[in-house]
Amino acid sequence: MFSYRHAFHAGNHADVLKHAILVHTLDYFNRKDAPYWVIDTHAGAGLYSLDSDWAAKTSEFADGIGRLWERDDLPPLLADYVARIRAFNTNGRLKRYPGSPWLTLDALRPSDRLRLFEMHPTEIDTLVGNLEHMDRTAQRQTTIYGDDGFEGVKALLPPPTRRGMVLIDPSYEDKNDYRRTLITVKECVKRFATGTIAVWYPLVQRREASEMARHFENLKVKSWLHATLTVKKATIDGYGLHGSGMFLINPPWTLHDALKQTMPYLARELGQDERASFTLQYRENPFPVPKKQSD
Ligand code: SAM
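These notes cover the structure that comes with them. Just so we're clear, the structure is a prediction, and the values are computed from it rather than from any experiment.

## Describing unusual backbone geometry
And then number 1: Across the junction of leucine 157 and proline 158, the peptide omega takes the value -5°, indicating a cis bond.
And then number 2: Of note, arginine 162 is a non-glycine position whose phi angle comes to about 55°, a positive value.
And then number 3: Tracing the backbone shows arginine 162 in the loop between α8 (149-155) and β6 (164-168).
And then number 4: With a phi angle near 55°, tyrosine 172 is a residue other than glycine that sits in the positive phi range.
And then number 5: With respect to the secondary-structure elements, tyrosine 172 resides in the loop between β6 and α9 (176-191).
And then number 6: By relative accessible area, tyrosine 172 is classed as buried at 6%.

Take a look at the structure:
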């Protein structure tokens, strides 16, 4: 079984990138009344205590959300994200960090639905326990599956509302996760071409990682956005996460402009050495269908 536990990493620079984009995307969905579904294929425990032994051991959050917590000059996308994290820390001290399921529940309206997959036996127990503390609306709108998210998501697509988002956020402990993520993205596009598909991945010195990103950019989809944040130079032994990427298919049209303001700020403020940098690409209609010539 896997050893990855997200509690060691909650609130780090990778979570900041992923969750700030998640919050913006859900806010965008909420602009319309029509209900939507969020399917989180790799949910984790849902909610993390930053003064737990685990989080304290690595203190990764200190170089992630910790660096943004007191700032009063945040670009709007980050200000919205930090405001959400503040809602989980009502006394103003950064003690709790919501994972993707809890950030999603915070955004959903009663008619929206959340579907969560988590396979780690301890994580799923914590996730179920956390949900039991939520109100009835949250419990009614959420279903937790102790199954493989790569496989399970297929049966849920397209969602009955025909509006929604799939978040694919594996730990990539197993190098097969890169191949499985790509296959799953293709399945999602086939079954739910109008849906927003968001994938997080680590920037690591692995052929599988760079190949996966290259394949994403060649997918025949209506639009995509690709953002990467590097916070420090890669170590030779590959230990420690030096950066991560988010790839979105059918992103909110507002996201690219919002990230143009955000990414330079993130690279500057979360950067740990001179290698800190970002990339940001957006393509609309990358493969337009050629118009028929009339003769
Ligand atoms: N999405 C979470 C967040 O942003 O708060 C973090 C998820 S963490 C990076 C990845 C999780 O996926 C781990 O809790 C791990 O136990 C779980 N996992 C690993 N393989 C899985 C699979 N095939 N299906 C579902 N969950 C899996």
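## Brief notes about the nonpolar core
And then number 1: In this structure, Ile65, Leu68, Leu78, Tyr81, Val185, Leu259 and Leu266 are the most contacted members of the largest nonpolar core, which totals 90 residues.
And then number 2: By residue number, the principal contributor to this core is helix α1 (residues 13-29), which donates nine residues.
And then number 3: Setting aside residues no more than four positions away along its own chain, leucine 78 makes contact with Val16, Ala20, Leu68, Thr262, Tyr265 and Leu266.

## Topic: the packing of aromatic side chains
And then number 1: For the structure shown, the criterion picks out six aromatic pairs.
And then number 2: Taking the centre distance of 4.6 Å and the plane angle of 35° together, the rings of tyrosine 172 and tyrosine 178 count as tilted.
And then number 3: On the accessibility criterion, tyrosine 178 (3% relative accessible area) is buried.
And then number 4: Geometrically, the ring pair formed by tyrosine 172 and tryptophan 200 is tilted, given 6.1 Å between the ring centres and 50° between the ring planes. Placement of the pair is tyrosine 172 in the loop between β6 and α9 and tryptophan 200 in strand β7 (residues 196-202), with a sequence separation of 28 residues.
And then number 5: A residue is classified by how much of its surface remains accessible, and tryptophan 200, at 8% relative accessible area, is buried.
And then number 6: The ring of tryptophan 200 has lysine 18 lying over it, and the distance from NZ or CZ to the ring centre is 5.5 Å.
And then number 7: Above the ring of tryptophan 37, the side-chain terminus of arginine 115 is found at 4.5 Å from the ring centroid.

## Here we look at the pairing of β6
And then number 1: The buried count for β6 comes to five of five residues, which makes it a mostly enclosed element.
And then number 2: Going residue by residue along β6, you find Gly164, Val166 and Ile168 tucked away on one face and Met165 and Leu167 tucked away on the opposite face as well.
And then number 3: Sheet analysis places strand β1 (residues 37-40) next to β6, joined by four bridges and oriented parallel. Of the residues in β6, the one forming a bridge with isoleucine 39 is valine 166.
And then number 4: As for the winding sense of the linkage, the β-α-β connection from β6 through α9 to β7 is right-handed.

## Some thoughts on the sheet that holds β1
And then number 1: Taken in spatial order, the eight strands of this open sheet run β5-β4-β1-β6-β7-β9-β8-β10, and their pairing is mixed. Unpaired on one side and paired on the other, β5 (142-145) and β10 (277-284) mark the two borders of the sheet. Neighbouring strand axes in the sheet, compared pairwise and without regard to direction, differ in orientation by 10° on average.
And then number 2: Alignment of β1 against strand β4 (residues 113-117), held across four bridges, turns out to be parallel. Within β4, the residue paired with tryptophan 37 across the bridge is arginine 113.
And then number 3: This element, helix α5 (residues 100-107), spans β1, β4, β5 and β6 of the sheet and lies at about 175° to β4.
And then number 4: Seen against the sheet, helix α10 (residues 207-217) touches β7, β8 (223-230), β9 (243-249) and β10 and runs at an angle of roughly 160° to β7.

## Section: the site of the ligand
And then number 1: Taken together, 21 residues lie near the ligand, and His19, His42, Ser100, Glu118 and Asp169 sit nearest.
And then number 2: For the ligand, an oxygen atom lies 2.6 Å from a polar atom in the side chain of glutamate 118.
And then number 3: Between the ligand and aspartate 148, the relevant distance is 2.9 Å, taken from a nitrogen atom to a side-chain nitrogen or oxygen of the residue.
And then number 4: A total of 600 Å² of accessible area belongs to the ligand in isolation, and the protein chains cover 98% of it.
And then number 5: Looking at the shell around the ligand residue by residue, the class counts come to five nonpolar, nine polar and seven charged.

Thresholds applied
- Residues numbered from 1 in each chain as written.
- Predicted model: local features only at pLDDT ≥ 70, side-chain atom pairs only at ≥ 80, totals over all residues.
- Heavy atoms only, no water.
- Helix = DSSP H or I, 4+ residues; strand = E, 2+ residues; numbered from the N terminus.
- Buried < 20%, exposed > 50% of the residue type's maximum accessible area, 1.4 Å probe, protein only.
- Core = buried A, V, L, I, M, F, W, Y, C linked by side-chain atoms within 4.5 Å.
- Contact = heavy atoms within 4.5 Å.
- Phe/Tyr/Trp six-rings, centres within 6.5 Å; stacked < 30°, edge-to-face > 60°.
- Lys NZ or Arg CZ within 6 Å of the ring centre and 35° of its normal.
- Pairing = 2+ DSSP bridges.
- Right-handed = clockwise from strand over helix to strand, strands pointing away.
- Axes fitted to C-alpha atoms, helices over the stretch in contact; angles between N-to-C directions.
- Near = heavy atom within 4 Å.
- Polar contact = N/O pair within 3.5 Å; in protein donor to acceptor, adjacent residues only side chain to side chain.
- Areas by Shrake-Rupley, 256 points an atom, 1.4 Å probe, with all protein chains shown as cover.
- Nonpolar A, V, L, I, M, F, W, Y, C, P; charged D, E, K, R; others polar.

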